[in-house]
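Here is what each chain is made of, one letter per residue.
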Amino acid sequence: MLVSNGKMAELHMKKNKLVRTLGMGFTAIAVAVSVSLSGIRSEAAPSYLKAATYVSDAWVSNFWNSESDHMDEELAQIAADGFNSIVLVVPWREFQPGVLPLSYNRYAFQKLDKVMNVANAHGLMVELRVGYVWDYYNDDVTTGRFRDLLKDPSTRAAWLAYAKQIYRTASAHSNFHGGFMTWEDFWNYIEDAGNLGRGANSRIAAKNCGYQAWLKKHYSLKQVNEYYQPKEVFTSYDNIYIPARKDYAFKLFYDFYDDFLNDLLEDTQKVFPGLSMEVRLDVDPVSAQDGNGETGASHYGTFQCGNAEYTSLMYSVSMGHGFGNVLSAEEAIKTMNEQLSLVRANNGGKPVF
């Protein structure tokens, strides 16, 4: 559960119902799903992680350029509350302001060292969320960086350099556990691409991002046309555009994007060993092939997470249920077990974080 504005939500079981109560907290935290993990690098690491996302009394977006004067007390409280680890969200631009030429934010790296040292003093392991979109380093929008990873080798090289430097800094500490990137930070392009329409701009984008080349590698034109009909019958891959997000053909674009994320993860694991990925558990709706109703586009192909020892994910009790439903504790736990079993059925049985 994600909690903001300095409040911490607690879920209590009462009379077989889930009741949410709100209480004031000195730090905003996110409670991560706790899981058994094997093959952890540090001998001091626990076999079962219970992690809180730590941002002191700031937000994720401005944590790395704030002072965090009460860090020692805050991390002591997190440990006293029963957590044995923290998650630090590491924005790409905050740590690497410049892509061409490369530049790094010395203060952010110094603070990373400081947080890891203080966390270690309180017996807390550290997990890193690598590549967060938002920060307050300056007023420029950073989503373009993530889009450019699809088409610009220089941007991709900068990403790998950033990940390598983050790993080098964090792995120097004995309480470093590992890290994960997440589909969420790359999803803006999915939403934008699905709104380009059927004209020249969409065809240019389909070429530049690699979608046309990916289709040519994996599908015949006849197979592509089966997805796009009755709207289009293509005679050349150069004419293929990115379909609307609601179209059945967008299933192809989802698969293309999943392959891009898998490829980026595997490249990044070369400089950040063991890096996992927060995978998208949601099944995205698209129109059914016959136009009647909807069907789903799953992302099971990402669940393996390359050579990572575990799969990361965000889970919400609302997944698989209608808006406004009231669930018993038994119903919520049953659905959670079903969803987590689905992940493990598609990730080779790896642990889940």
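Heads up: these notes are all about the structure in this document. (Residues numbered from 1 in each chain as written. Predicted model: local features only at pLDDT ≥ 70, side-chain atom pairs only at ≥ 80, totals over all residues. Heavy atoms only, no water.)

## Section: the overall build of the protein
- Counting its secondary structure elements, the protein contains 11 helices and 12 strands.
- Of the contacts made within the protein by residues no fewer than 6 positions apart, 73% connect residues no fewer than 24 positions apart.
- Accessible surface for the protein amounts to roughly 16900 Å². Of this, 51% is attributable to carbon and sulfur atoms. (Helix = DSSP H or I, 4+ residues; strand = E, 2+ residues; numbered from the N terminus. Contact = heavy atoms within 4.5 Å. Areas by Shrake-Rupley, 256 points an atom, 1.4 Å probe, with all protein chains shown as cover.)

## What to know about the packing of aromatic side chains
- According to the stated counting rule, one finds 38 aromatic pairs in the structure shown.
- Above the ring of Phe63, the side-chain terminus of Lys111 is found at 3.8 Å from the ring centroid.
- One cation-aromatic arrangement involves Arg280 over Trp183; the distance from NZ or CZ to the ring centre is 4.4 Å. (Phe/Tyr/Trp six-rings, centres within 6.5 Å; stacked < 30°, edge-to-face > 60°. Lys NZ or Arg CZ within 6 Å of the ring centre and 35° of its normal.)

## Focus on the nonpolar core
- Tyr211, Phe253 and Tyr257 are the most contacted members of the largest nonpolar core, which has 86 residues in total.
- No other element matches the 10 residues that helix H10 (residues 250-268) contributes to this core.
- Ala51, Val87, Phe180 and Tyr310 belong to the second-largest nonpolar core, a separate cluster that totals six residues. (Core = buried A, V, L, I, M, F, W, Y, C linked by side-chain atoms within 4.5 Å. Buried < 20%, exposed > 50% of the residue type's maximum accessible area, 1.4 Å probe, protein only.)

## Let's talk about the sheet that holds strand S9 (residues 276-279)
- The six strands lie next to each other as S5-S6-S7-S8-S9-S12, forming an open sheet whose pairing is parallel. Of all the strands in the sheet, just strand S5 (51-53) and strand S12 (312-313) have a single pairing partner and so form its edges.
- With two bridges joining them, S9 and S12 adopt parallel strand pairing. Each bridged residue has a counterpart across the sheet, and for Glu278 the counterpart in S12 is Ser312.
- Relative to strand S6 (residues 85-91), helix H3 (residues 106-121) is tilted by about 175°, and along the sheet it contacts S6, strand S7 (125-132) and strand S8 (176-182).
- This element, helix H5 (residues 153-170), spans S6, S7 and S8 of the sheet and lies at about 165° to S7. (Pairing = 2+ DSSP bridges. Axes fitted to C-alpha atoms, helices over the stretch in contact; angles between N-to-C directions.)

## Some words on the packing of H5 against H10
- Where H5 contacts H10, the two axes come as close as 10 Å, and the packing angle between them is 50°. Put simply, H5 runs oblique to H10. Like other packed secondary-structure pairs, H5 and H10 cross with a definite hand, here right-handed. On the side of H5, the interface is formed by Arg156, Trp159, Leu160 and Ala163, while H10 contributes Phe260, Asp263, Leu264, Asp267 and Thr268.
- Taken together, the residues that form the contact of H5 with H10 break down as five nonpolar, one polar and three charged. (Parallel < 35°, antiparallel > 145°, perpendicular 65-115°, else oblique. Left-handed = near helix turned anticlockwise from the far one by under 90°. Nonpolar A, V, L, I, M, F, W, Y, C, P; charged D, E, K, R; others polar.)

## Re the pattern of salt bridges
- Scanning the entire structure with this criterion turns up 12 salt bridges.
- The salt bridge involving Arg198 is made with Glu232; its shortest N-O contact spans 2.9 Å. Of this pair, Arg198 sits in the loop between helix H6 (187-193) and helix H7 (200-208) while Glu232 sits in the loop between helix H9 (221-228) and H10; the two residues are 34 residues apart in sequence, bridging distant segments of the chain.
- The exposure class assigned to Arg198 is partly exposed, which follows from its relative accessible area of 45%.
- With its nearest N and O atoms 3.8 Å apart, the salt bridge here joins Asp282 to Arg280.
- Accessibility expressed as a relative area gives 29% for Asp282, which makes it partly exposed. (Salt bridge = Lys/Arg side-chain N within 4 Å of Asp/Glu carboxyl O.)

## Structural notes on the layout of surface pockets
- Looking at the second largest pocket, its volume works out to about 170 Å³.
- Forming the boundary of the second largest pocket are 15 residues, of which Gln229, Pro230, Lys231, Asp247 and Tyr248 lie nearest the centre.
- Among the residues making up the lining of the second largest pocket, the classes are represented as eight nonpolar, four polar and three charged. (1 Å grid on protein atoms, 1.4 Å probe; cavity = no way out; pocket = protein on both sides within 12 Å on 5 of 7 lines; lining within 4 Å. Points joined across faces, edges and corners; volume = space filled by probe spheres on them.)

## With respect to the environment of Asp282
- For Asp282, the position within the fold is in the loop between S9 and strand S10 (284-287).
- Expressed as a C-alpha distance, the spacing of Asp282 and Ala297, which sit 15 residues apart in the sequence, is 8.8 Å.
- Among all residues touching Asp282, those that are not within four sequence positions of it are Ala297, His299 and Met319.

The quantities given are spatial measurements derived from coordinates; they are silent on function.
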